[in-house]
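These are the residues of each chain, in order.
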Amino acid sequence: MNVRDKRVMVCGMARSGIAAAKLLCERGAQVTISDMKPEEAFGGALDELRALGCIFALGEEPQAHLPGQELLVISPGIAWAKPFVQQALAMGIEVIGELELGARMTRGTLAAITGTNGKTTTTTLTGEILRATGRTTHVVGNIGYPITATAGISKNDDVTVAEVSSYQCEGISRFHPKVGAVLNITEDHIARHGSMETYIAMKRRIFANQTAQDVAVFNYDDATCREMAKGLRSHIAWFSRKESVPYGAYVEDGYIVLRMGERMEAVCRTDEVRIPGAHNLENALAAVCITGALGVSAETMREVLRTFKGVEHRIETVRELDGVTWINDSKGTNVDSTQKAIATMTRPTVLILGGSDKGVSFDPLAETIRSAPLIEHCVLIGDTAEAIRQALERAGYTAVTMTGYDFDLCLQTCREKARQGGCVLLSPACASFDMFSDYEHRGRVFKEKVNALV
């Protein structure tokens, strides 16, 4: 993609926007950066962009700067329904997302992983398996490290593994992964997309440019995934922990088995997979299927599956204090993810729930909690606390304490309610933007405060 001397505006100066603007400057574009926050709100984060010659259009509406622009690059947090985006399209300006920009400028092999839950774990695990082969591997995307940060240094022999969100899928047009995967689909991000149909359609867009030489990986145990696989041009591979599949990865007699054409071999025993829980077995199967499609040996997969510890903020043990284990699952940002975290609990548990609203129902979560005897108490925080309380009440569950937006009070309440030999689990089932900048910030604050308890 040649952008030399092209006038480009980058909107949204979070991590991905900054990385995109830097990449464009390095490729010779004339870059304008836009954000509704004023420059002083960024501290020194934008100093490098000023040194590279970016034009600053901060603290104001972007519409005034659209005339003359040839390309608009928007960050994932900006919806395509925004008036200035629609105005740019009406003016004939090409509009793409940061993921699309990075993918067009990335050399080597590209793999893309999406789905409602398990993306970060599967993306990280896939990256670790590929690194173990000796290939230079870039793990990027919604995982927290923008693809535009590595696109400029990627080489033809490299492999890039991208975690892709439904938000990022809005901004793709020529995005073309050699291997793409959908891990699962459950209700999420309805407030952004408006309906489940649109949400599913966004996820399916990662396959739009694949050909018969590419591979699309799906969870056979997920009925929505089976529907999504219909009508694609790419070769379909499946993963399943419940039954054998004709092409892909599955569980048989306690082993993970990889079957791809003439190739059929046992990778490892399921009890050798270090990360715990049925959902993580699914993540491991997905990683085996993806890396198997890229030609990785079973021996390499086996070694990594035996040693991979998981990712930060996902069912992460923080510490044990007074006989109580504190667990950080801040990555549990939707109902399904929290249900899976609950399923991994083996001791009496106090559960922290609540955050910013995504427009989904909490009734399925309430039923899970009511029928889970180990969830002894729920402590509710944030914008959705009342909605969760009402859902729990409808389900007949009343062991609830409301702590508003006071995180210290929340943790103190958990300490009072947790019994010796039990757990406190932060798995909010919600986004974090009511009290924190993102789920990582929420998880870090939780860990800092828990580690400070005496």
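Thresholds applied
- Residues numbered from 1 in each chain as written.
- Predicted model: local features only at pLDDT ≥ 70, side-chain atom pairs only at ≥ 80, totals over all residues.
- Heavy atoms only, no water.
- Pairing = 2+ DSSP bridges.
- Helix = DSSP H or I, 4+ residues; strand = E, 2+ residues; numbered from the N terminus.
- Axes fitted to C-alpha atoms, helices over the stretch in contact; angles between N-to-C directions.
- Contact = heavy atoms within 4.5 Å.
- Buried < 20%, exposed > 50% of the residue type's maximum accessible area, 1.4 Å probe, protein only.
- Phe/Tyr/Trp six-rings, centres within 6.5 Å; stacked < 30°, edge-to-face > 60°.

Chemist: Please give an account of the sheet that holds strand β16 (residues 324-328) that cites residues and values.
Modeler: In a beta sheet, neighbouring strands are held together by backbone hydrogen bonds and run either parallel or antiparallel to one another. Strands sit in the order β15-β16-β20-β17-β18-β19 across an open sheet of six strands; the sheet is mixed. Of all the strands in the sheet, the pair left with one neighbour each is β15 (316-321) and β19 (400-402). Along the sheet, successive strands turn relative to each other by an average axial angle of 20°, direction set aside. Pairing between strand β17 (residues 349-353) and strand β18 (residues 375-380): five bridges, direction parallel. Within β18, the position partnered with Leu353 by the bridge is Leu380. Sheet strands in contact with helix α16 (residues 439-452) are β15, β16, β17 and β20 (423-426), and its direction is about 15° off that of β15.

Chemist: Tell me what's going on with the pairing of β20, and back it up with residues and numbers.
Modeler: Going residue by residue along β20, you find Cys423 and Leu425 tucked away on one face and Val424 and Leu426 tucked away on the opposite face as well. Of the pairings in the sheet, the one linking β17 to β20 comprises four bridges and is parallel in character. Within the sheet, the bridge partner assigned to Thr349 lies in β20 and is Cys423.

Chemist: Describe the packing of aromatic side chains, and please don't skip the residues or the numbers.
Modeler: For the structure on display, the rule yields six aromatic pairs. Each ring, one from Phe207 and one from Phe218, has its centre 5.0 Å from the other, and the planes form 40°; the classification is tilted. Of this pair, Phe207 sits in the loop between α8 (196-204) and β10 (215-219) while Phe218 sits in strand β10, placing them 11 residues apart in sequence. The same class applies to Phe207 and to Phe218, which are both buried. Look at Phe218 and Trp238: their rings are 6.1 Å apart centre to centre, the planes differ by 45°, and that puts the pair in the tilted class. In this pair, Phe218 sits in strand β10 while Trp238 sits in strand β11 (residues 235-240), placing the two residues 20 residues apart along the sequence. When sorted by exposure, Phe218 lands in the same class as Trp238, which is buried. Chaining the aromatic ring pairs together yields one cluster made of Phe207, Phe218, Tyr220 and Trp238.

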